[in-house]
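Working through the structure, step by step
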Amino acid sequence: MSTIRNVALCGGTHGNERSGVTVVQRRQAIEAREISPQSAQLADAAGPAPLYAGPGDPGTLPPARKPETFALTSLISNPHAVARNRRYIDFDLNRSFGNATLHNPHSSGYEAQRAQVLNRMLGPKGSAEPACDLIIDMHTTTARLGPTIIIRESDLVARYIAAAVVMELPDVKILSYLAEERVETASANASAAEEPAAGGAPGAADRPGDYPYLAEITPHGIEIEVGPVPQGVIRAETVIWTEQIVNSCVAAIDAWNRGRTLDLPESIEVYRFTEAVDYPRNNTGEIFGFVHPARQDRDFTVLRRGDPLFLRFDGSTVPYDGADERYPVFINEAAYYEKRAGMTLCEKKMIPVAAVNPISR
Ligand SMILES: [Zn+2]
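Residues numbered from 1 in each chain as written. Predicted model: local features only at pLDDT ≥ 70, side-chain atom pairs only at ≥ 80, totals over all residues.

1. Some details on the overall build of the protein
We apply this condition: The helix count covers DSSP runs of H or I at least four residues long, the strand count covers runs of E at least two residues long, and both are numbered beginning at the N terminus. Counting other C-beta atoms within 10 Å of a residue's own tells you its class, since 20 or more makes it buried, 12 or fewer makes it exposed, and anything in between is partly exposed; those C-beta atoms are placed from the backbone. Each residue is represented by a C-beta atom placed from its backbone, and any two residues with such atoms within 7 Å are regarded as in contact.
Across its full length, the protein carries 6 helices and 12 strands. Counting every position in the protein, which comprises 361 residues, the buried fraction comes to 47%. Long-range contacts, defined as pairs at least 24 residues apart, comprise 74% of the intrachain contacts of the protein with a sequence gap of at least 6.

Structural data, given as structure tokens:
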């Protein structure tokens, strides 16, 4: 495991997810000294950021923690989409980092070209000497997910950072995906169709070893997902949660670079993506139902065979009939109607971190 020297903090990968945009704009304003020291001083390296206790707490906007052992560059991933306050212009940017898109000299569409620019600027993907060692990519969701981070399980640095973040911010949950193996055979009611026009839902878009996400073009990556927040809207608690998680990641990367063990637990709980579940559809393929009221807003709540999933327009219930004991996330995420995903299912797993503590490197 090597030292993390260069990190990119990316917001606006989806242009209508404004928390990440706000965090980037704030960091850029601090770097440009446009914000007065009273209102937004860079954090004193020794002082811990105030802990935001959750949605019941009005909280305070934490200072932007300054890294001590690495360079941190803040940037807007999809500036055209941000300017229009929409997810993307031509295609989902966070599904544009597969090798086929990155290496197609004739690719058309703004995001395909932007992906190649970002790959040259921050990667390139698969390089032994990439420009950045790690990307922190900030997202929001309309689902009631709470504060979460997403890691690839084979990324040992990401596991260490995730463990450190959860130790500091126990409300944060960890979503994960596997790198090399096909996750699971889709169940009867999972989306078995070809990939949707703008790319699939998390875990459904897996191509072994070649995930299409921005955080995959560097050797290590962390995605932040906070919700619920409507698309295109800035809400304080979502921004504050995102700031807290970014600060916690910065502290964890400094600790990693210094070889500190941080008294991390031996293992961490992750919710590993297994499959996407499509909405009910009529015989012409149009959506013919919606998320069942007993399942709406119950992200991370266990799902068992026979539990209600959707209500069809005719009032009948679609029960869950897949593998027992799954944990749905991204329930009724607005951006996933086009991805044929009413929710994404996870299995709960414990994965080790002790083996990746720096002291055992
Ligand atoms: Zn997003």
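2. Thoughts on the nonpolar core
Note the following rule: Note on definitions: a nonpolar core is a set of buried residues drawn from Ala, Val, Leu, Ile, Met, Phe, Trp, Tyr and Cys, linked by C-beta atoms within 7 Å. Domain boundaries shown here were taken from an automatic or database domain assignment.
Judged by nonpolar contacts, the single largest core of 86 residues is most densely connected at I136, I149, I161, A162, V165, C249 and V329. If you tally residues by element for this core, the top one is helix 6 (residues 236–257), at 11 residues. Looking at this core, you find at least three residues from each of domain 1 (6–271 + 351–360) and domain 2 (277–336). Apart from residues no more than four positions distant in its own chain, A162 is found in contact with I149, I151, I174 and I268.

3. Points about the sheet that holds strand 6 (residues 220–227)
To keep things clear, this is the line we draw: Two strands qualify as a pair provided DSSP detects at least 2 bridges between them. Only the stretch in contact is used when a helix axis is fitted, and all axes are lines through C-alpha atoms; the angle between N-to-C directions ranges over 0 to 180 degrees.
What the 9 strands build is an open sheet, ordered 2-1-3-6-4-5-7-12-11; its pairing is mixed. Each edge of the open sheet is held by one strand with a lone partner, namely strand 2 (71–76) and strand 11 (327–329). Sheet twist, expressed as the mean angle between neighbouring strand axes with direction ignored, is 30°. In this fold helix 5 (residues 156–168) packs onto strand 3 (134–140), strand 4 (146–152), strand 5 (173–177), strand 6, strand 7 (267–277) and strand 12 (343–352), with an angle of close to 160° to the strand it touches most, strand 4.

4. Observations regarding the pairing of strand 7
In terms of residue burial, strand 7 counts as a mostly covered element, since 9 of its 11 residues are buried. Here strand 5 runs beside strand 7; their pairing, made up of 2 bridges, is parallel. Residue pairing in the sheet places L175 in a bridge with Y271 of strand 7.

5. Regarding the environment of V233
Secondary-structure assignment places V233 in the loop between strand 6 and helix 6. Of the residues examined, V233 has 14 C-beta atoms within 10 Å and is grouped as partly exposed. On a C-alpha basis, the gap between V233 and S19 in space is 8.3 Å, while along the polypeptide they are 214 residues apart.

6. Remarks on helix 6
One turn of the α-helix equals 3.6 residues, which is why residues spaced by three or four share an orientation. To keep it simple, the criterion reads: For a helix, the expected span equals 1.5 Å multiplied by the number of residues minus one.
Look at helix 6: 32 Å from first C-alpha to last across 22 residues, which is about the 32 Å you get at 1.5 Å a residue. Most of helix 6 sits out of view: 17 of its 22 residues are buried. Downstream of helix 6 by a residue or two, G259 has a phi angle that is positive, lying close to 75°.

7. Quick look at the confidence of the model for the protein
Cut-off, in case you're wondering: Every residue is assigned a pLDDT by the predictor, reflecting its confidence on a scale from 0 to 100.
Averaged over all residues, the pLDDT of the protein equals 88, while 84% of them reach at least 70. Overall, residues 181–193 carries pLDDT values under 50, and its contacts beyond four positions in sequence, including any with other chains, amount to 30 contacts.

8. Observations regarding unusual backbone geometry
Residues other than glycine predominantly adopt negative phi, and peptide bonds predominantly adopt the trans conformation. The step from G123 to P124 runs through a cis peptide bond, and the omega angle for that step is 0°. In this structure, P124 sits in the loop between helix 4 (110–122) and strand 3. Omega for the peptide link from G227 to P228 comes to 10°, which places this bond in the cis form. Examined against the element boundaries, P228 turns out to sit in the loop between strand 6 and helix 6. Of note, R33 is a non-glycine position whose phi angle comes to about 60°, a positive value.

9. Observations concerning the pairing of strand 5
Our working definition: Note on handedness: a clockwise path from strand one over the helix to strand two, with the strands aimed away from the viewer, defines a right-handed crossover.
For strand 5, a buried count of 5 out of 5 residues is recorded, marking the element as mostly surrounded by other parts of the structure. Of the two faces of strand 5, the one carrying K173, L175 and Y177 and the one carrying I174 and S176 are both buried. Direction of pairing for strand 4 relative to strand 5: parallel, over a ladder of 5 bridges. Directly across from I150, in strand 5, lies its bridge partner L175. The β-α-β motif built from strand 4, the intervening helix 5 and the parallel element strand 5 has right-handed crossover chirality.

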